[in-house]
Every structure is written in C-alpha cells, then in structure tokens.
Amino acid sequence: MNSERCTAIDGSVSQLPDENDDDTIARIMRLSEQPGVISFAGGFPAPEVQNWQALRDLTMMTLNSSKNSAFRYGPTSGITKLRELLASRMRKLGRTTVLDEILITAGGVAGLDLIAATYLKPGDNVIVGSPSYLGALQVFRNHRVNMISVPVFDQGLNLELLEQALIAADAENNPVKYIYTVPSFDNPTGVTTGLAHRQQLIKLATTHGAWILEDGAYQELYFESPPDSMLTALEPDCVIHINTFSKMLCPGFRLGWIVAPAPVISRLSYRKQGWDQCASTVGQHVAVTALSTGYMEDQLELARKFYLRRCNLIIDCLGQELGDIATWNVPEGGFYIWMQLPTGVSAEIVSDTALTASNVAVLPGTSFYAKNPEQGTLRLCFSSVDENRIEEGIKGLRNAVISHLEPELRSLAS
Ligand SMILES: Cc1ncc(COP(=O)(O)O)c(C=O)c1O
C-alpha cells in the first residue's frame, strides 16, 4: 500500500476530526474484551439479563414467519408495523403520537448524527451538559458545531447558567439551535430531573427559539418508579426525541427511533434515503415481535430488578471502601454512578493505576466534557460488571485512589 496515497486520501476527509478528538469509546471496547479485566467502563447491557435462548427462538420465529421480507429493503422511515407499535408505546408514555411522527434509525447515535447532518452546520450553537454523553459530543464534534457547556448538578442542567448562555448566544446573533439532554438516568451522571426542572427547561428553550434534543436511551430502565414525563410529552412541538433498543433489548440489532413533528420526520427521512436507505430490516422485524408478544415488557421487568440489585451491591461496596475519601450519586435507574474524587486527585491517573495495578477498568470523567474537563470525576458503569468480582474491583479502585492521595490524607484513609 502506498502510504503517500493514503495520506492524500486522509487529507481529503470533508470534516477532519480536531485535536480534541477522543478515542475513548474505541478504548472501552478494547478494554472490555481483555480477559481478566473487572470492567466498570463500558455502558453495556448485562449479558445475564438477557434470556439468550428465548431471544434466539424469537428471532428464528420472526425470520421463519416473515416470508423473507425481513431480508429485503424496507421503507426509509421504517416498517409500518414497528412505527405503529412505537407510536402506541409513546402514547402510553404520555406523548400523543401518530405514525408520521416516528422514524426508525440504526440506533441512538445514528439518530443524533442524522439530526446533526440535516439541521446543523459548522459554527451553529448547541448546548450540552458539562459533563455529557460522549457519543453525542463525538457527533457534534464531527459536525463542527460550537458546543456551549452548561454545568450539570444533581438536579440536572443548571438552568440559571443555561439561561445566561441562551441570552449570550442571542446577543451574538447566533441563537442556540439545540439543547441536548438526557433527562432520565443521564449518562454519565446518573441524574434524573424532576417535573419542575423539565417544565422550566422547556420554557427557556421555547422563549429563545431553541429545539430540545431529548435522549431517552434509559427512559424505561428505571429501578422502581418511572421518571417524570418525557420532554416530548410535555412539549411535542419543540422537542426531538431520540431513543434506542440498545439498552432495553440488545445493541446488536442496531435499532432506534426518533419522535418529532411530522415535517421534521419527513425531512430526516429524505436525508436518510441518501444515508443508509433504511435501518436493518431483520432487526425491525424482530423488534416487532419483541414488542407485540410481550417479550419486551418481560425483559424490561427483569432488567429493572436486576440493575437495581446490582447498583445496590456496588453502592454498598463503595460505602465500605471509599466512603471516607470520595462521593458519588445514587441513581434511580440507568447504568451509571458518577464519582467525585478528593480534591487534587486526577481521575486519569487513578484509572491508569487501577487498570495496571488491579486490572480494574473505570472511565475518567474527563472524556465527558466538551471543554474544560474536571480532573477529579469518574464514571462507574454497574450494568455489565462481573458480579462476583465487584468487591475486588472496588477494592482495587480504592487502592488506586489512596496511592494518589496527599501523604497526610493517605495515612488517614489507610
Ligand atoms: C445517552 C445515550 N444515548 C444514546 C446511546 C447510544 O445508543 P445506540 O447504541 O443505539 O447508538 C447511548 C449508549 O451508550 C447512551 O448512553
């Protein structure tokens, strides 16, 4: 292979990634596959939650009964039956939805990318949480939009600072186009916002003419009680809702959906034609069966109980091992615990030490910031870690943190 030619090809990439480019997702994938690693890193569904035999049977049954249509191209907006089922599901969740307001995508990130490609141009202002979901940051970076970071506290996006950011963007004649948010069981902070926060967020967005991009990836993965109304249910006209089957069912089908006003869906659909033509038809047929036979509900019931138990195990263990030196949130759903390390301790160094000294993988929070990363934050994903090794893993993390404490604090902690 001629390397000069390769360089020339690389140079012709239409939107070169910039120096902030981060390969953390690829690194997580590699790490989680290494034998022996106790991984709190990747946000993957737990293999134990899935009844694999039942899923294989369901898939085979679907393929056998689809009369081969599962192997053909499907409509760009998605097969009608699946859109109907999702419209009905969204109605049950409080969003009055008709068929033309649903578009099937190849997952949540694909949905975000499609929206960015259709509606954003380089330099457009988009508000993201500080911190925010890494996949969304990558999408916005790829599209070279200007990300304005607004701090996320334990109540969600700081609305006062959000308002200031909206006002500042208006004053510069470049009003904010989108506010990206994961209101329920956020990735990475685990935070869920309450109804008053949601209403206030909508009020601010509509006042300043910004759309809200609501990411509902964990919406239905609550432990005990469902979160407050989705933003799209509260304000259907100004919210684009993206969602995914990746966490509720499994990621391998690469399937998600968008709910938005019909003209938006129509425009996205047109763009999608020249994009991937349609999402996997095999996956869509299986999703129809999963939704219409009750399989999905059973699966969700199981998952909620399972993740609650696993989250509690880790929280208990954290209390025992790190209660004297770190703080963290206690989520009510989703996959993530967000940890604050003692002042002055770098999460990047701690995560390197945890991996090399104890084979424990955690993600430094620094990857989850568009700008000015906080050095002392860590994300722990509890969903897919080997349950029998949680204690060992948290002990390894404790040792890594302690080894980087100031000497006086270290003697108090050990
Ligand atoms: C908040 C959030 N949105 C979207 C996704 C991506 O989902 P998908 O696998 O469907 O692209 C994830 C996956 O981690 C996520 O955490």
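Residues numbered from 1 in each chain as written. Predicted model: local features only at pLDDT ≥ 70, side-chain atom pairs only at ≥ 80, totals over all residues.

1. Points about the overall build of the chain
Logical step 1: Secondary structure assignment for the chain yields 15 helices and 14 strands.
Logical step 2: For 414 residues, the compact-globule estimate of 2.2 N^0.38 gives 22 Å, and the chain sits close to it at 22 Å.
Logical step 3: On the principal axes, the C-alpha backbone points of the chain span a range of 65 × 60 × 55 Å.
Logical step 4: Counting over 414 residues, the chain shows a buried share of 45%.
Logical step 5: Here the analysis covers contacts within the chain between residues at least 6 apart in sequence; of these, 75% occur between residues at least 24 apart. (Helix = DSSP H or I, 4+ residues; strand = E, 2+ residues; numbered from the N terminus. Rg over C-alpha atoms; globule rule 2.2 N^0.38 Å. Buried ≥ 20, exposed ≤ 12 C-beta atoms within 10 Å, placed from the backbone. Contact = placed C-beta atoms within 7 Å.)

2. Section: the site of the ligand
Logical step 1: Every one of the 14 residues lining the ligand counts as a neighbour, but Gly107, Gly108, Ala217, Thr244 and Ser246 are closest to it.
Logical step 2: The residue makeup of the shell around the ligand, split by class, is 5 nonpolar, 8 polar and 1 charged. (Near = placed C-beta within 6 Å. Nonpolar A, V, L, I, M, F, W, Y, C, P; charged D, E, K, R; others polar.)

3. Re the nonpolar core
Logical step 1: With 113 residues, the main nonpolar core has Ile127, Ala287 and Val362 as its most contacted residues.
Logical step 2: No fewer than three residues from each of domain 1 (19-43 + 298-404) and domain 2 (68-296) sit in this core.
Logical step 3: The contacts of valine 362, once residues within four sequence positions are left out, are Phe40, Ala41, Ser351, Ala354, Leu378, Leu380 and Leu397. (Core = buried A, V, L, I, M, F, W, Y, C linked by C-beta atoms within 7 Å. Domains from an automatic or database assignment.)

4. Here's the deal with the packing of helix H5 (residues 108-119) against helix H6 (residues 134-142)
Logical step 1: Their axes nearest at 10 Å, the elements H5 and H6 cross at an angle of 25 degrees. Judged on the interaxial angle alone, H6 and H5 are roughly parallel. Of the two elements, H5 crosses H6, and the hand of that crossing is right-handed. Along the contact surface, H5 presents Val109, Leu112, Asp113 and Ala116, while H6 presents Gly135, Ala136, Val139 and Phe140.
Logical step 2: Taken together, the residues that form the contact of H5 with H6 break down as 6 nonpolar, 1 polar and 1 charged. (Axes fitted to C-alpha atoms, helices over the stretch in contact; angles between N-to-C directions. Parallel < 35°, antiparallel > 145°, perpendicular 65-115°, else oblique. Left-handed = near helix turned anticlockwise from the far one by under 90°.)

5. Focus on the domain arrangement of the chain
Logical step 1: The domain boundaries assigned to the chain delineate domain 1 (19-43 + 298-404) and domain 2 (68-296).
Logical step 2: For domain 1 versus domain 2, the distance between C-alpha centres works out to 26 Å.
Logical step 3: Taken together, the contacts link 28 residues of domain 1 with 30 residues of domain 2.
Logical step 4: For the side of domain 1 that touches domain 2, the secondary-structure elements that each account for two or more residues are helix H2 (24-33), helix H12 (295-322) and strand S11 (336-340).

6. A closer look at the pairing of strand S8 (residues 239-244)
Logical step 1: For S8, the tally of buried residues reaches 6 of 6 residues, placing the bulk of the element in the interior.
Logical step 2: Side chains of S8 alternate between two faces, with Val239, His241 and Asn243 and Ile240, Ile242 and Thr244 buried alike.
Logical step 3: Taken together, the 4 bridges between strand S7 (residues 211-215) and S8 define a ladder with parallel strand orientation. Within the sheet, the bridge partner assigned to isoleucine 212 lies in S8 and is valine 239. (Pairing = 2+ DSSP bridges.)

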